[in-house]
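Notes for the structure review
Chain by chain, the residues:
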Amino acid sequence: MLHKRSLTALMVTALTIGSAAAFDDSKYPDWSGRWTRPSGVGTQWDQTKPSGLAQHAPMTPEYQARLEASIADQARGGQGEDSRVSCITAGMPRIMTGTRPFELVVLPAVTYVYGEGNMPRRIYTDGRSIPTNEEPTYMGYSIGKWVDENGDGKYDVLEVETRNFKGPRTYENSGMRLHDDNASIIKERFFLDKANSDLLRIEITSIDHALTQPWTVLKTFRRERKVMWAEYDCAESNNHVVVGKEYYFLSGDGYLMPTRKDQPPPDPRYFKTAK
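Notes on the structure follow. (Residues numbered from 1 in each chain as written. Predicted model: local features only at pLDDT ≥ 70, side-chain atom pairs only at ≥ 80, totals over all residues. Heavy atoms only, no water.)

Time to look at the overall build of the protein chain. Tallying secondary structure elements over the protein chain gives 2 helices and 12 strands in all. Each helix and strand of the protein chain, placed in order from N terminus to C terminus, yields the pattern α-β-α-β-β-β-β-β-β-β-β-β-β-β. Each principal axis of the C-alpha atoms in the protein chain carries an extent, and together these give about 85 × 50 × 40 Å. In the protein chain, which comprises 275 residues, the share counted as buried stands at 38%. Nonlocal contacts in the protein chain, meaning residues at least 24 apart in sequence, comprise 55% of its contacts between residues at least 6 apart. Accessible surface for the protein chain amounts to roughly 16100 Å². Of this, 54% is attributable to carbon and sulfur atoms. With 35 positive and 36 negative side-chain charges, the protein chain shows a separation of 3 Å between the mean positions of the two kinds. (Helix = DSSP H or I, 4+ residues; strand = E, 2+ residues; numbered from the N terminus. Buried < 20%, exposed > 50% of the residue type's maximum accessible area, 1.4 Å probe, protein only. Contact = heavy atoms within 4.5 Å. Areas by Shrake-Rupley, 256 points an atom, 1.4 Å probe, with all protein chains shown as cover. Lys, Arg positive; Asp, Glu negative; His and termini not counted. Charge placed at Lys NZ, Arg CZ, Asp CG, Glu CD.)

Structural data, given as structure tokens:
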């Protein structure tokens, strides 16, 4: 008679083997390795255009004015609307700029997007719907669907829709904002370049009330097969200090410095000052 613990172990092993057998990875594209931005491409949203106003985003007058004010503030030494300086997560869709290299891990029910500087993004592909009572997040909630475009029995494309956001969120460091109502719908298509399997294409469409029409960009990432991953913690070496609505800079010798001309110091009301 088998010991209860041994029987449980056998059952777990059987379930694991069964699950592994059910996942036929030959049906899925090979997205292994590390994906990085092509040489010469910065962190602008549309990789083919400079950041800021040169993106020519189809923004509403209100959000176009906010972008212009953000850029003007940055020119004076401020941070504008780029809250990323405080190490807040980039969120969606900016996370897909690939500021740091990322990895794609394909499993039957979920595809993971692992970045060196962010918590994992999960794209669920098990047929579920976007929940109506889930707490909003910067990443949102992503539902994916695999597509066999050429009918050869293998998946070529992963189509994704993401909703359920909180903010603030921006496209890039110019401070180009998504709408404050966080009702964004982000649609993506992941696929490998047909002529070069070491190039990943991600077509991203933003549907957002800060835009006058849907905005689609095509991003390209190149594969590195010999991978050496690094650890990146934004907060570890961040010298930016936010007090209220003001941004300051921490000098190498530990003193708070202004970032703008004639910037007032923080209010010291809760500190005892020397006479």
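Here the narrative resumes, following the displayed structure.
So, about the pairing of strand 9 (residues 215–224). Counting buried residues along strand 9, 7 of its 10 residues qualify, which places the element largely inside the surrounding structure. In this structure, strand 8 (residues 199–207) lies alongside strand 9, joined through 8 bridges in antiparallel fashion. From the neighbouring strand, Leu200 faces strand 9, where its bridge partner is Phe221. (Pairing = 2+ DSSP bridges.)

Take the packing of aromatic side chains next. With the rule as written, the count across this model stands at 10 aromatic pairs. The interplanar angle of 25° and the centroid separation of 5.3 Å between the aromatic rings of Tyr124 and Tyr141 together place this pair among those described as stacked. Linking Tyr124 in strand 4 (residues 118–124) with Tyr141 in strand 5 (residues 141–147), this pair joins segments that are 17 residues apart in sequence. Considering the side-chain rings of Tyr171 and Trp215, the 5.2 Å spacing of their centres and the 70° angle between planes classify their relative orientation as edge-to-face. One end of the pair, Tyr171, is in the loop between strand 6 (157–163) and strand 7 (185–192); the other, Trp215, is in strand 9, with 44 residues separating them in the sequence. (Phe/Tyr/Trp six-rings, centres within 6.5 Å; stacked < 30°, edge-to-face > 60°.)

Take the environment of Arg225 next. Within the fold, Arg225 resides in the loop between strand 9 and strand 10 (240–243). Residue classification places Arg225 among the partly exposed residues on the basis of a relative accessible area of 48%. Residues Arg225 and Arg189, 36 residues apart in the sequence, show an inter-C-alpha distance of 22 Å. Once residues lying within four places of it in the same chain are set aside, the contact partners of Arg225 are Asp30, Ser197 and Asp198.

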